[in-house]
Amino acid sequence: MSKMILRQLLILLSSLVILTFFTFGLTLFFPIESRFQLLDTTQAPDGLVEQYVSYIKHIITGDWGFSQSRGTDVLKEFFIYFPATVELVITALLLALSLGIPLGITAAQNKNKWPDKLVVSSTLVGYSMPIFWWGMLLVLFFSLSLGVTPVASRLGFEYDIIPVTGFMLIDTLLSDQPYAIEAFYDALHHLILPAIVLATIPLAIFTRVTRSAMIKVLASDYIRTAKAKGLSHGRIIWIHALRNAMLPILTIIGLQISVLITGTLITETIFSWPGVGKWLLEAVYRRDFVTLHAGLLATASLVIMINIAVELMSFYVNPKMRLQE
Amino acid sequence: MRFLNIIVVISLISACQYQKKANVRDDVLVYCSEGSPQTFNPQLSTSGTTFDASSRTLYNRLVEFKPGSTLIEPALATHWTISADGKEYIFDLRTDVKFHTTANFKPTRPFNADDVLFSFERQWQKDHPFHNTSKLGYRYFESMGMGGLIESIEKISSHKIKFRLSRAESPFLASLAMDFASILSAEYAQQLAQQNKVEIIDSKPVGTGPFQLVRYQPDAYIRYKAHPDYWQGKQRLNNLVFAITPDPSLRFARLVAGECDVMANPLPVHITSAEQFQSARVISEAGLNIAYLSMNTTKPPFNNHLVRHAINHAINKNSIINAVYQKTATEAKNPIPPNMWAYNKSIKDFEFSPEKARKLLSEAGYANGFNMTISTMSAQRAYNPNAKKMAELIQQNLRDIGINVDIETYEYGAFLYKVRKGEHHSALLGWTGDNGDPDNFFTPLLSCAGTMTGTNSSFWCDPQFNQLIHQARSQTRVKSRTQLYQQAQRVFKQASPWVPIAHATQHLIINPRVKNFAIIPTGGVYFKDVYLENSEVLNDE
Amino acid sequence: MNNIPQFYQQRRIPSSAARWWKNFTDNKLATSALLLLSLIILIAIFSPFIAPYDPTLQSADYLLPPSWYEDGTSAHIFGTDALGRDLFSRLAHGAGLSLKLATFVVAIAASVGIFLGSLTALSNQFVDQITIRIMDLVLALPSLLLAVVIVAIIGPGLPNAIYAVAIVLIPHFVLVTRSAIKNEVNKEYVTAMILDGSGKIRLFCKSIFPNILPPLIVQLTLAFSTAILEIAALGFLGLGAQAPHPEWGTILSESHNNIVNAPWTVTLPGLAIFFTLLSINLVGDGLRDAMDLGN
């Protein structure tokens, strides 16, 4: 086990180093004044190696520069926008998993019958959805025609909630205002449409992966044995089969994180959701390279760390892998 | 697992069905604004978005514009005297003005001359301890030439202050009513210096204005509450929120859905479709603005006035007004709007005529046309709701006379940066007057000094024109100024460094429950004395 | 031929391509998707002849509704946009533009990716591991974010957006090619070829490459739909094609402003993107199934 952790830590470290090579390479194309914020201007190092060392020093000490258009510390700014994105991504992920796994199982159990065909073709529809258009359609229908969902943002402005954690669902509950519970429901209400839009593509993928994993597992000998032993149908599916189908699902969750983050760029723009994606796009429009650099580096390192964490988790889940060590 | 699903589904359904209680909403006015402010210190910015969020809500000035006009009225100064040579201004200050009490600051004294001194010296003196606290710089103060104009500022007594100018300048009083002349607290600055927290002076503001800042989440919202000790009495409106919504269609959608009460910069299509919705009411006011195509006269072929005349002939302003402004604007022929006293009505505009344009082009030696670039911005401004669309219409007009146009679109800040440096070939620009004086158009946009700072985007520097506007600035009599400006407009028309396109009518869309709200001709929104009718939000559908 | 007596029980073994085709056409959904896709491709190719108007020609008829609306006209079947341009002509030309761009992007990404992938697979362990690390890393980065950053650096506009999307697609091809080759290299027929004294290049071109085609074809269709989607997304965010290009994403972002009063200017371009993506994905899925069965 510890050997495995060590190995993963090494991979993590090497990936992060490669990442800094990459982002450092990008800074070479930045305008000179943005670039100098990430280097030691006083010493003005000339060789690329010296510049890289100076760059790494800045990154490690947390000095990621100041936004050119706002004059604020970009790393601090990142953490202001970050919780909103996390809240949205986690909600979308839960939504996609909680619908995708049962749908995938249902399809697998009815392989090649109509429920399976229906599920498989709907996943293709979901997978082909241009989400910027999908988001607009949902707003057009649910918010403007029916008026059942809010149009944008995280919370109605009538509620004054002090940001403690930055997670609206938690902050509303922590609030000592008389309307705290009401505000919590309002925050949930605001999450519905953006989460649906963001969850669309991952939902399609989780469903497909679950389906194919389950089909494989259901055809295996031990399931037949379990059936022969007379175990209940639900028990076989939910306890025995699902546990073994979990591994590919877990792997795909790791890969979907980057799809979700790609989605936040668009979803946050459509719903005026004050998260990292919107922050970065605004930075592109302002040509604010320092902010852009910080956003890319922070997001990418995060995605790498999540992937490593998923790797470790799948190791923990899979007894075969544990035995190998 | 199945239980988990059920819980998720139930909570989603309950969230869908849950209805808002109206009473909390009744006490909050939500303004859907177009962007995040750069800072809460108006001295550091030139952007209207920043002024809306700072000078117009949080601060006061010595003198201010009378709401809805460009007349000056007393504010923090009760009255003032101007010396006979026009160089000395003495202001008597109010004694009963209290600053905001915030989490960071509790004022111990009312407003006095030290605050005025601090607010101006910070911008003016390069060695002032607070001069360099922000990286943004005092662009408005500098571009107005205040540093050279002000000779001294002297505190005569605790509530009396004297400005001495290096020359007589008639627009000076109007300048003091402008946003950059807002008064900050000297006591707060001093306290921050002691606590070693000077950097928060511009982000955690303290002013004397009708509202005070409660909380700001960048790109999300700004929350204000009424200043309890406001010198004109506490506002009837208790809570004010700026919901930052850069996308205009989203702003309109939110207004229609009742999420906002006032919407910034509506598009013309929103104005025409607003009447279908009960929660939307359009209010309009002739704007103090101009939109124009500026041709960079330092770059060929725009150094040839025949080419500039040809382009003036080739552009169909009427179709622009229909398609871009949806008829909510008037055609422009002069560099200032018709609601300004110096406007020259007698000038004849170039009529729309592709034939004449082609003839002029061949006269200029460009019978086969040429290639040009129009730079535009993606942002939408009060004077131009859709610069991209305008550029496309012009592109087609010019194609008809053989000119091939490339359109480049930039974000607002990047666009201005490029234009200021003179990197553009031609650009779609505009201007909204900030103080109602014609000089506020002529000097920045067309003077030779403007070519140095880049606000004169055509880089057109004509000695005769420059002399005329310089004379007009130092005169005080409106009649003689008018004559000079009218002559200047003739010179302008002759040379035509621009194609003046349109004067946009200003529009805002508000919810009918918002009362006492007015559009200011100089642009921007003011929530002072605005209140909400105490009724439930009207719902559509 | 037929009158020759048959001594052995003869079974003609169909070529593998014929087998795929048979499997593919058995799948009705995939076949109809292929028909739809062919229709879109035809429209794209012949858009200059089909489109009744110049896609950038403006007219005074702003925001005319489509012909099936009460006040629509048959002169503009899909209505007009905010500048009075015929929406059908814009979408038809947009189809041409989108497919052309996507083809171009996929061609760049595939040739670079397959080349790098083959190189990696056939080189030593060390180079292989390093390449894998780097490709994994690029894959872990959110693709649109990466494209957005690249566009921010080299400036918005169509050519730059294309490079950005192509760069983002390369790693997929590298990894697919590499793993497909690794799969094949240890098979017996390759060993046989080596024993026959076949050279490295000949070995690769003649025997390995034809066998890694199936996964590559599936990857190509996937990349094709991703390319269309990402180019449209960049256009929608204002970083890709610029007005007045009739690119689908750019059309959508322009018409976004009219969502309340002219919803068809939003729904129709979206449907065009959606059906194109759907048909490509269905065909891709059908191909994969056909090949799985074939093996």
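Scoring rules and cut-offs
Residues numbered from 1 in each chain as written. Chains lettered and ligands numbered in written order. Predicted model: local features only at pLDDT ≥ 70, side-chain atom pairs only at ≥ 80, totals over all residues. Heavy atoms only, no water. Phe/Tyr/Trp six-rings, centres within 6.5 Å; stacked < 30°, edge-to-face > 60°. Buried < 20%, exposed > 50% of the residue type's maximum accessible area, 1.4 Å probe, protein only. Lys NZ or Arg CZ within 6 Å of the ring centre and 35° of its normal. Core = buried A, V, L, I, M, F, W, Y, C linked by side-chain atoms within 4.5 Å. Helix = DSSP H or I, 4+ residues; strand = E, 2+ residues; numbered from the N terminus. Contact = heavy atoms within 4.5 Å. Salt bridge = Lys/Arg side-chain N within 4 Å of Asp/Glu carboxyl O. Polar contact = N/O pair within 3.5 Å; in protein donor to acceptor, adjacent residues only side chain to side chain. Patch = residues over 30% accessible without salt bridge, like charges linked within 9 Å, V, L, I, M, F, W, Y side chains within 5 Å. Areas by Shrake-Rupley, 256 points an atom, 1.4 Å probe, with all protein chains shown as cover. UniProt positions renumbered as here; feature names shortened; annotations may be inferred. Buried area = accessible area lost by both parts, 1.4 Å probe. Nonpolar A, V, L, I, M, F, W, Y, C, P; charged D, E, K, R; others polar. Pairing = 2+ DSSP bridges. Right-handed = clockwise from strand over helix to strand, strands pointing away. Expected span 1.5 Å × (residues − 1).

This part covers the packing of aromatic side chains. Residues and elements named next belong to chain B. Under the definition given, this model contains 47 aromatic pairs over all chains. Ring centres of Tyr366 and Phe370 lie 5.3 Å apart, and the angle between their planes is 70 degrees; on these two criteria the pair is classed as edge-to-face. Assessed through its relative accessible area of 25%, Tyr366 is described here as partly exposed. Members of the aromatic cluster, joined through ring pairs, are Tyr292, Trp341, Phe442, Trp460, Phe465, Tyr485, Phe492 and Trp498. If you follow Arg236 out to its NZ or CZ, it ends over the ring of Tyr531, 3.7 Å from the centre.

For the rest of this paragraph, the subject is the nonpolar core. Membership of the largest hydrophobic core comes to 191 residues, with the highest contact counts inside it found for A:Phe132 and C:Leu234. The dominant element in this core, judged by the number of residues it contributes, is helix 8 (residues 180-218) of chain A, at 18 residues. Among all residues touching A:Phe132, those that are not within four sequence positions of it are A:Ile266, A:Ile270, C:Leu229, C:Ala232, C:Ala233, C:Phe236, C:Leu252 and C:Ile273. In this structure, B:Leu149, B:Ile150, B:Phe180 and B:Tyr230 belong to the second largest nonpolar core, which totals 77 residues.

The interface of chain B with chain C comprises 20 residues on the first partner and 17 residues on the second. On inspection of chain B and its partner chain C, the count reaches one salt bridge. For C:Arg85, the salt bridge goes to B:Glu392, with nearest N and O atoms at 2.6 Å. Counting every contact that joins chain B to chain C gives three residue pairs in polar contact (both at pLDDT 80 or more).

So, about a nonpolar patch on the surface. Residues and elements named next belong to chain C. On the surface, Ile41, Leu42, Ile45, Phe46, Phe49 and Ile50 cluster together into a nonpolar patch covering about 600 Å² of accessible area. It is helix 2 (residues 28-45) that contributes the most residues to the nonpolar patch, three residues altogether. Here Phe49 lies in helix 3 (residues 47-50).

Within this structure's numbering, the places UniProt gives as "domain: Solute-binding protein family" (unreviewed entry) are residues 72-451 of chain B. In this annotation, residues 72-451 of chain B is assigned 29% helix and 23% strand; the end-to-end C-alpha distance for the span is 30 Å.

Attention now moves to the interface of chain A and chain C. When the parts of a complex come together, some accessible area is lost, and that lost area is often used as the size of the interface. On the side of chain C, 43 residues touch chain A, which itself brings 42 residues to the contact. In this assembly, chain A packs against chain C so that about 3700 Å² is buried in total across both faces, 83% of it on carbon and sulfur atoms. Area buried by chain A at its contact with chain C is led by A:Phe132, A:Trp133 and A:Met136, which between them contribute 18% of it. Remark: the boundary between chain A and chain C carries one salt bridge. Linking chain A to chain C there are seven residue pairs in polar contact (both at pLDDT 80 or more). Elements with a minimum of two residues in the side of chain A that touches chain C: helix 1 (2-27), helix 5 (114-127), helix 6 (131-145), helix 10 (233-270), helix 11 (276-286) and helix 12 (289-317) of chain A. Sorting elements by how many residues they give to the side of chain A that touches chain C places helix 12 of chain A first, with eight residues. Looking at side-chain class alone, the side of chain A that touches chain C contains 31 nonpolar, nine polar and two charged residues.

Once that is clear, we can look at the pairing of strand 16 (residues 404-410) of chain B. All names here are of chain B. Covered by surrounding structure in strand 16 are Val405, Ile407 and Thr409 only, the residues Asn404, Asp406, Glu408 and Tyr410 on the alternate face being uncovered. Relative to strand 16, strand 15 (residues 371-377) runs parallel, the two sharing seven bridges. Bridge assignment links Ser375 to a residue of strand 16, and that residue is Glu408. Read as a crossover between parallel neighbours, the route from strand 15 over helix 14 (residues 387-399) to strand 16 is right-handed.

Moving on: helix 19 (residues 478-495) of chain B. Residues and elements named next belong to chain B. With 18 residues, helix 19 should reach 26 Å at 1.5 Å per residue; the first-to-last C-alpha distance of 26 Å fits that figure. For helix 19, the complete set of buried residues consists of Ser480, Arg481, Thr482, Leu484, Tyr485, Ala488, Gln489, Val491, Phe492, Lys493 and Ala495. Packing partners of the buried residues in helix 19 comprise helix 11 (305-314), helix 16 (439-446), helix 18 (463-474) and strand 18 (498-510). Positioned one or two residues after helix 19, Ser496 has a phi angle of 45 degrees, which is positive.

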